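Descriptive structure summary
Residues per chain are reported as follows:
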Amino acid sequence: MAGSLTSRRATTGEGRGRGPLILTEDMELLDDLLRLCAAAGAEPEVRARVPERRESWEDAPLVLVGDDAAAYCRGAGRRSGVLLVGRDRDGEGSAGFVDPILWRHAVEIGAESVVRLPEGEGWLVGRIADVVEGTGQQALTVGVLGGRGGAGASTLACALAVSAAGAGVRTLLVDGDPLGGGLDVLLGGERAEGLRWPDFVGTRGRLAGGALEESLPELHGLRVLSWDRADVAVPPEAVRSVLAAARRRGGAVVVDLPRHFDGGTREALAQVDIGLLVVPGELRAVAAAGRVAAAAGPALKDLRAVPRGPYAAGLDEQWIAAALGLPLAGELPREPGLRRGWDEASPPGGADGPLARFCAAFWDRALGGDVVA
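What you see is a predicted model; the values in this text were computed from it and never measured.

1. Re the overall build of the chain
Secondary structure assignment for the chain yields 12 helices and 12 strands. Classification of the 373 residues of the chain by burial places 52% in the buried group. Taking the contacts inside the chain whose residues are at least 6 apart along the sequence as the reference set, 76% of them involve residues at least 24 apart. Element-wise, carbon and sulfur atoms account for 49% of the exposed surface of the chain, whose accessible area totals about 16700 Å².

2. Some remarks on the pattern of salt bridges
Under the counting rule described, the total for this entry stands at 18 salt bridges. Here glutamate 28 and arginine 87 are joined by a salt bridge, their closest N and O atoms 3.0 Å apart. With a gap of 59 residues between them, glutamate 28 in helix α1 (residues 27–39) and arginine 87 in strand β4 (residues 82–87) connect regions that are remote in the sequence. Between aspartate 302 and arginine 304 there is a salt bridge, with the nearest N and O atoms lying 2.8 Å from each other. With relative accessibility at 22%, the residue aspartate 302 sits in the partly exposed group. For arginine 304, a relative accessible area of 23% corresponds to the partly exposed category. Among the ionic contacts, a cluster of salt bridges with common partners joins Glu28, Asp32, Arg35, Arg87 and Glu121.

3. Thoughts on the side chain of aspartate 32
Position of aspartate 32 relative to the elements: it lies in helix α1. A polar side-chain atom of aspartate 32 sits 2.8 Å from a polar atom in the side chain of arginine 87. Among residues more than four places away in sequence, those in contact with aspartate 32 are Arg87 and Leu117.

4. So, the sheet that holds strand β3 (residues 63–66)
Each strand in a sheet pairs with its neighbour through backbone hydrogen bonds, running either in the same direction (parallel) or in the opposite one (antiparallel). The strand order across the open sheet built from five strands is β2-β1-β3-β4-β5, with neighbouring strands paired in parallel fashion. Sheet topology places β2 (45–47) and β5 (113–117) at the edges, where each strand pairs with a single neighbour. Taking each pair of neighbouring strands and ignoring which way they run, the sheet shows an average axis angle of 25°. Where strand β1 (residues 21–23) lies against β2, three bridges are found, and the strand directions are parallel. Bridged to leucine 21 within β2 is glutamate 45. Set on the sheet, helix α3 (residues 100–109) makes contact with β3, β4 and β5; between it and β4 the angle comes to about 160°. Running at roughly 125° to β5, helix α4 (residues 121–133) makes contact with β3, β4 and β5 of the sheet.

5. Observations regarding the pairing of strand β12 (residues 303–308)
Across six bridges, the pairing between strand β11 (residues 274–280) and β12 is parallel. Each bridged residue has a counterpart across the sheet, and for leucine 277 the counterpart in β12 is alanine 305. For the handedness criterion, the β-α-β arrangement of β11, helix α10 (residues 283–296) and β12 is classed as right-handed.

6. Quick notes on the nonpolar core
Among the nonpolar cores identified, the biggest contains 39 residues, and Leu145, Trp197, Leu212, Leu277 and Leu324 are the most heavily contacted of them. With six residues, the top contributor of residues to this core is helix α8 (residues 236–247). Discounting chain neighbours no more than four positions away, the residues touching leucine 145 are Ala153, Leu257, Pro258, Phe261, Leu276, Leu277, Val278, Val292, Ala296, Leu300 and Leu303. One finds Leu140, Ala165, Leu173 and Leu355 within the second-largest nonpolar core, a separate group that totals 36 residues.

7. A look at the sheet that holds strand β7 (residues 171–175)
Within the open sheet, the seven strands sit side by side as β8-β9-β7-β10-β6-β11-β12. Their pairing is mixed. Sheet topology places β8 (218–219) and β12 at the edges, where each strand pairs with a single neighbour. As paired elements, β7 and strand β9 (residues 222–225) share three bridges and run parallel to each other. Looking at the pairing, valine 174 lines up with leucine 225 of β9. Together, β6 (140–146), β7, β9 and β10 (252–256) form the strand contacts of α8, whose direction differs from that of β10 by roughly 145°. Here α10 sits on the sheet and contacts β6, β11 and β12; the angle it forms with β11, its principal contact strand, is near 160°.

8. Describing the packing of α10 against helix α11 (residues 317–324)
Following both chains from N to C, one finds α10 and α11 inclined at 35°, their axes separated by 10 Å at the closest point. For the pair α10 and α11, the sense of crossing is right-handed. Here α10 contributes Leu283, Val286, Ala289 and Gly290 to the contact with α11, which in turn contributes Trp319, Ile320, Ala323 and Leu324. In terms of residue class, the contact of α10 with α11 is made up of seven nonpolar, one polar and no charged.

9. Remarks on the environment of alanine 288
Within the secondary structure, alanine 288 is located in helix α10. On the basis of relative accessible area, alanine 288 is assigned to the buried category, the value being 13%. Through-space distance from the C-alpha of alanine 288 to that of arginine 148 is 6.0 Å; in sequence the pair is 140 residues apart.

10. With respect to α10
The first and last C-alpha atoms of α10 sit 20 Å apart over 14 residues, in line with the 20 Å expected at 1.5 Å per residue. Every buried residue of α10 is listed here: Ala285, Val286, Ala288, Ala289, Val292, Ala293 and Ala296. Each buried residue of α10 sits inside an arc of 165° when the element is viewed along its axis, so together they form one side. Facing away from the buried side of α10 by more than 90 degrees, the exposed set consists of Leu283, Arg284, Arg291 and Ala294. Tucked into the core, α10 has its buried residues touching β6, α9 (263–270), β11, β12 and α11.

Rules used throughout
- Residues numbered from 1 in each chain as written.
- Predicted model: local features only at pLDDT ≥ 70, side-chain atom pairs only at ≥ 80, totals over all residues.
- Heavy atoms only, no water.
- Helix = DSSP H or I, 4+ residues; strand = E, 2+ residues; numbered from the N terminus.
- Buried < 20%, exposed > 50% of the residue type's maximum accessible area, 1.4 Å probe, protein only.
- Contact = heavy atoms within 4.5 Å.
- Areas by Shrake-Rupley, 256 points an atom, 1.4 Å probe, with all protein chains shown as cover.
- Salt bridge = Lys/Arg side-chain N within 4 Å of Asp/Glu carboxyl O.
- Polar contact = N/O pair within 3.5 Å; in protein donor to acceptor, adjacent residues only side chain to side chain.
- Pairing = 2+ DSSP bridges.
- Axes fitted to C-alpha atoms, helices over the stretch in contact; angles between N-to-C directions.
- Right-handed = clockwise from strand over helix to strand, strands pointing away.
- Core = buried A, V, L, I, M, F, W, Y, C linked by side-chain atoms within 4.5 Å.
- Left-handed = near helix turned anticlockwise from the far one by under 90°.
- Nonpolar A, V, L, I, M, F, W, Y, C, P; charged D, E, K, R; others polar.
- Expected span 1.5 Å × (residues − 1).
- Arc of directions from axis to C-beta.

Below, the structure is given as structure tokens:
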């Protein structure tokens, strides 16, 4: 395998977009809208009425007009991305019902939607996050599985992430195995500041990708979501929200997956684009890997074998891939002294060796040579 790695960063653009323009004098509604903007990672511009500078009205990516301020917008120029927002003040409105007066105001100002809070909060957070983060190409997500314990899946996951980040690709490494000891430890960053999985236990619905990324420890040019030493179960809904947010800003996401398949693992598998199954060159390991492939296969459209030597008599990488009925992603190279060299300064895949070259070639083929550097 040979090739060069090009950056996927330009597919989504650098930094965040502008936040929405909020027009309201209703302090309770403003508090709600500011809270929702914070949840979406947005910094809004707040006005009581349409700004005198037309640019603020015309150039804002989204305009949130409070129902109290609709009358002030009647003379403003028509534009897309205007939402009329009101609160359910008595709590007695039926689901899906919107006051006819709100609809009349929406027509008068050219609003494309009417949002009633709190019922529409989840939808509105998603809409705000879309304009802030953009809706570009999602990250290529690679899941790494071990055919048996000690196969080297965590090492490969770290090496892939380090390789991508070293080439300038926006990269997140996600530790999907609570029993694995922590990828932050493997990368020499167990004391690095930032959130871990237990901090996301209560996460539901839309999570802002930028806010997630900035909250995680940064190690070797990439962001890492790992476990702390607490025994905490993360529900499937949280796994779904976190991984969706991790993918939303483009680049590459690498997930170190466990060999046990619970609800959280199945949520992770559902968001993986390419699965890599690391298989040591032993008959028992091939048999164990077959069971892992059978469990993961239905949730993965693209699962590939990554055999690892040394091989037992009569086995090689082609035989193992054929025995598992999987395409061959390549042979995981042996790198003598790699484990002894792990420390904060030299993570797996960080040095110019066989493993780093394997990872660079994988990304070059997976991301494609037409990606803009």
